Every structure is written in structure tokens, then in C-alpha cells.
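# Summary of structural features
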Amino acid sequence: MVLKDDKIDQTFLLPLDIRTMIPSNHVCFFIRKLVDCMDFSDIDGEFKDNAGQKAYPAAVLVRVIVLGMIYGVHSSRKLETIIRENIIFMYMAGFERPVFSTIASFKREHRDLIEDVFLETINYGHNKNLIDFESISVDGSKTRACANKYKNLTAEDIAKLLYIVEQGIILDEEENRLLEKRGQKTVEQEDMIKERIKKALRESRNLKLKEDKPNSKESKSKESKSKESKSKESKSKDNTRKRPMKEAMRTDASKYDDEMYELIDENNLNLCGKQILRQAIENPQTAYKQVKKLKKCKEMIEKTGDNTVNYTDPEARKSPNKEGIMQTGYNEQIVVDNKNGLIIAVDVTTDGNDQKQLVPMLEKTEENIQKVLNITHQEYKEQFKNIDLLADYGYFTYEGVDTIENKDGVTLYLPDKGLATKDKDKLRRPDQRKKKTRGYGKQNMTWNEENNCYICPEGQKLEQKQIYHLEDRDKVVYYGNNCKNCPMNDICLTNKMTTKVITDYVSDSTMKLKHRMHTTEGIKKYKDRMPNVEPRFAYNKETLKYRQYHVKGLENAKTEQLLMATAQNILKIHNIEQKENENQIEI
């Protein structure tokens, strides 16, 4: 074996084609082909005749951002670095070197363009016959927001902070700027500033929130009790309210005196509130930004009706995750086709669950299909007369089911609570399955459509005996016929029951849905949901490592989800085409 020469300083006689150094089947070539199909003349045309530094073409930034998402590079700063170091990113950027601020502002200002790229992936998949619009699945998942979970404020905290900052600090900051320009700032004026802040602190102690008057005395008493209980719970959990400000954080002693410390403690602010107040007192020039953010927090707490709002990201909301732990985040929704699992609709909401998202996501899907196929709503109805919509029990509401069932051209496949529990128990280990039912719960019963009854595991019938008519549904009660003579009644019956009783809450729409889900065809079709839609979220969180948003605000979160959906579609289509090419070569 002969030792090779070290060619680190080797130069080339002729210019090197960088494409020869990239594998021919790399996804970057497919991204370029996809982006080349798009028209960016409207955006690029804005900068053609302008003076100043030249702007980067939109196609360059789109290629780089999408490839970065595929590589799991979400940060604009990291993307700037990798463009300078990675040869594939150099090729995609056309040897340009956009800085992180340009990349970040492009994503923030051109969300519509990113949505167009996402729709282009759907269009490409449809043209290659890779998408089946007539069979779709919907699902949701929660992701943590880019927010400090300890920086939460109540409505009372917000009201007090706004009053103190606006009345005691912003006025002084205006005077300070004038005095500093003239060079006339004295000790007396410093004392005058402290006195004004202390006056605002005294007045804010007795500040009371104005509450809307309910229509009835009962609703008023219920609301007041719930608010009192919520405030007591939040204050009892938050021990930082009791800690004096001197002990809670480091402060600039020259800006305070003992009386001011006492007044701040008497306002009973939590740690986040004290930090905001300290920032405003010690750096009055930041007070305007804090007031703007506090007003945003006040607006969100009034809009949502929540007990607290996060100061870091006011639009994010608290909700329990799968482990039951409360986290501040967003709820992302996707719709995929059941042929290859390509994403055809994506959205982000602040709702804590999926119950209100079934109809909006179907409407979003219809809108995207109309844009991709360039057809009107009437043409869409004529072309798609039977779409199968698959969803899990998390989307079940009587209102939502009624809306979908009464909609022409859509067939819903959504399990009731019994079927959903049964499916979940199948995925669990035997020792983790629900022990309450002991194998004889509602989810273990078989629905008999012909006789309109349930059949228990022992073969006994539970027939319909009573119906109670409610506002939007009926309460149907089923009783066992021969439970006394059943050998398993000691295990099946509990609490000294003499017969098995099952309760259903049904409407005309839910009964249709229930009958459909118990047919062989319904069971077969519903099995397509999980393998197509669930892996999409797993890819984001496990492969792309996107378990927390790196941006703040609902609109920015929607942009990130659009980019991740675009990246997944590109990879899916590219992998399918590569497999087809390999099969053709083998043949």
C-alpha cells in the first residue's frame, strides 16, 4: 500500500463545478426543481429599480430555508453559519451569504410565499398521482411555546403594573430626557422621581378590576366564586408573592429607598411582576415597550377568559399534554391523504383540545384543494362527491358531527368513546389496561345494528329500555335481559347492581356515525388513519427535534408549521420517486 499525498493546498486549473461534489440523488436538486416552477417576479420586482444595497432573490432564500428545515436547522443564526460552511447550502444559495436578520425577516414578512411553496408540493404530488384527495385523515398535537413557564401574570398583576409604569415612570422618563440633554439633573430631581413612583405604588395597592355584570344573580354568584377560587389557588401556589423584593432579586440600590421596597411588597406582585417593575424603574427607556407588551397581555386575558397569561408569549395558552402536565404552547393541526401520507392542510391554534377543529380543518382542506386545482367551490363540489374524513375521538362533539353529517360529499369516520377506549387498550400492555371495566365495560360490548342492542362478551343482550329527550341529543339507556343467571355477574356487576346498565347520548347524526363505524367497511377504512397521520408529528419531534417553538406569536408559529409540512412533503415525494427509479433500473 502506498501513502497518498496531502493535497490540502491543491489548486484547480479550471473552475470546479460544485454539483459534481454533491450526490446525484440528493434532495437539494428536487428542491431546486420545485422552486424553479414558481414565479417570484412580484417580490423580486419590488427591488429592481430601488437604490441602495442589492436584495437577495426570493428563490435563493426559499431554497435555503426549506433545505435548512429538512436538515433540522430552525435557527436563522445557525442557517447563516451553515451556508458559509456546507457545500450543499453554498450551492442552494448560489454562493450568496445572507445574514441571519435577512433570513428571519423574510420568514416573518413573506408567510404567504411560504404557503405558496407548500401548495406547490401538493400540486406536484397531485400531478404525479401521489395524493388521493378523496380519503383524508386529521390529527393534532401540542408543542411547547418559546415562553418561560414561570413568567405568568394575572389580570390584577397586569392592571397594577400598567398603572405604576404609566403614572409613575413614563412621565418621569420624558422629563429625564430633557434634563439630561440640558445637563441639569440634580439630586432633588432624583428624589422627585422616586416620590412620583411611590405615589403610583400607593394608589395601585387598592386598585380593583372592573367586572362585567352577568345577566342573572346565579351566574353572577357562580362567576364570582370561580374567580375567587382560581385567584386563591394561583396565589397559594405562587410563593414568590410573599418574598420581599430585596431577597427575590438583585437591584440597583440607588434607584430605591426602604419605603419604595415596602410599597412594592404591599402590591403583592409575583416574581415576574417584580422583574418587570425593576426593569422599568432602573431602565425607564424600556418602559414604553413594557407597556405595549402588558397591553397585549391584558387584551389576551380578556379575550380568552383565562386566569393567567404568559408575559413572554401572550398568545400561547396553558393546556395539559399527554402526560397530564400543564404546559404553555400551541395546538398544531394537520390533514393528510391516506394514500402516501402527504400533508394537504396545516394550521396552528391556541385551543387546549381538538374538539372545535374538525370543521375548520375540513374547510381549510377544501380551500387548499381549490387553490391547487384552480377550481371554484361549485366545481369542487361537482368533482369531489364522496370524501372520507377520518378522525380520532378527540374531535368528537355533537355539533361537529351534525355539521359534517349534514354536509354533502363528506363521509365521517370517527369512533365513539367506547370504540376509542377499546382501541387504546389494544395498544397498552395487559397490566396497563383499564381495570375498572374488568373486560365487561361498554367498550367490550358488540353493537348489533339489526336488533338495536348491545351484546356482552357472554352473549347476553342489553336492549333499549328508556329514552330521555335533551336539547341537542337523546339519552338512551340499555338494560341486560338475563344478568341474574349469568355466571360472570359477580365480576360484571358492581355496587350491588342486579342488572347491567349502559347509557348512550345520541342524535340522528351520531347514530348514523355509530352504525357506520361498526360495519366491516368502516373498521377497515378507519385503520388507514393512524399509519398515515401519526408519523407526521413523530417526524417533527423525533427527527427534526422540533419539540419547542423557536419563535413567538401565533402567526410565526403557523409559518414554522408550514415550513415543516413543506419539508415533509418534499422528502416524501423525493423518496417515492427515488424508489420508483431504483425499481425501473432493476427491471
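Look up a bit, the structure's there.
So, a few notes on the structure that sits alongside this text. (Residues numbered from 1 in each chain as written. Predicted model: local features only at pLDDT ≥ 70, side-chain atom pairs only at ≥ 80, totals over all residues. Heavy atoms only, no water.)

### A word on the sheet that holds strand β9 (residues 446–448)
For clarity, the threshold we go by: At least two bridges found by DSSP between two strands is the condition for calling them paired. Strands here mean DSSP runs of E at least two residues long; helices mean DSSP runs of H or I at least four residues long; both are numbered from the N terminus. To obtain an axis, a line is fitted to C-alpha atoms, over the contacting stretch when the element is a helix, and the angle between two such axes runs from 0 to 180 degrees between their N-to-C directions. The contact criterion used is simple: two residues touch if any of their non-hydrogen atoms lie within 4.5 Å.
What the five strands build is an open sheet, ordered β9-β10-β11-β12-β13; its pairing is antiparallel. The sheet is open, and its two edges are formed by β9 and β13 (501–506), each paired on a single side. Neighbour to neighbour, the strand axes of the sheet diverge by 30° on average, direction disregarded. The pairing of strand β10 (residues 453–455) with strand β11 (residues 461–469) spans three bridges and is classified as antiparallel. Among the inter-strand pairings, Tyr454 is bridged to a residue of β11, identified as Leu462. Against the sheet, helix α20 (residues 508–517) touches β9, β10 and β13, its axis set at about 120° to β13.

### Examining the pattern of salt bridges
Working definition: two side chains of opposite charge can pair if their charged atoms are close together. Spelled out, the test is: We define a salt bridge as a side-chain nitrogen of Lys or Arg found within 4 Å of a carboxyl oxygen belonging to Asp or Glu. When accessible area is computed with a 1.4 Å probe and restricted to protein chains, residues below 20% of their type maximum are described as buried, those above 50% as exposed, and intermediate ones as partly exposed.
Across all of its chains, the model carries 26 salt bridges by this definition. In this structure, the salt-bridge partner of Glu259 is Lys198, at a minimum N-O distance of 3.3 Å. On the criterion of sequence distance, the pair formed by Glu259 in helix α12 (residues 258–266) and Lys198 in helix α9 (residues 187–205) is long-range, its members being 61 residues apart. For the salt bridge of Arg529 with Glu534, the shortest nitrogen-to-oxygen distance reads 3.3 Å. The class for Arg529 is buried, based on a relative accessible area of 5%. The class for Glu534 is partly exposed, based on a relative accessible area of 27%.

### Quick look at the pairing of strand β1 (residues 135–144)
Look at any regular strand and the pattern is simple: side chains alternate between the two faces of the sheet. Of all ten residues in β1, eight are buried, a share of seventy percent or more. Taken together, the three bridges between β1 and strand β7 (residues 387–390) define a ladder with parallel strand orientation. Within β7, the position partnered with Ile136 by the bridge is Leu389. Across nine bridges, the pairing between β1 and strand β5 (residues 326–337) is antiparallel. Pairing of Asp139 across the sheet is with Ile334, part of β5.

### Observations concerning the packing of aromatic side chains
Condition: Note on ring pairs: Phe, Tyr and Trp rings are taken, using the six-membered ring of Trp, and paired if centres are within 6.5 Å. Classes follow the plane angle, with under 30 degrees stacked, over 60 edge-to-face and the rest tilted. Counted as over-ring charges are cases with an Arg CZ or a Lys NZ within 6 Å of the ring centre that also lie within 35 degrees of the ring normal.
Counted according to the given criterion, the structure contains ten aromatic pairs. Judged by centre distance (5.7 Å) and plane angle (55°), the rings of Phe29 and Tyr91 are tilted. Here Tyr91 lies in helix α5 (residues 87–92) and Phe29 lies in helix α1 (residues 27–36), a separation of 62 residues in the sequence. The exposure class assigned to Phe29 is partly exposed, which follows from its relative accessible area of 23%. Overall, Tyr91 belongs to the buried group, its relative accessible area being 13%. The rings of Phe133, Tyr380 and Phe384 are connected pair by pair, giving a single aromatic cluster. In this arrangement the basic side chain of Lys293 is found over the ring face of Tyr311, its NZ or CZ atom lying 4.9 Å from the centre.

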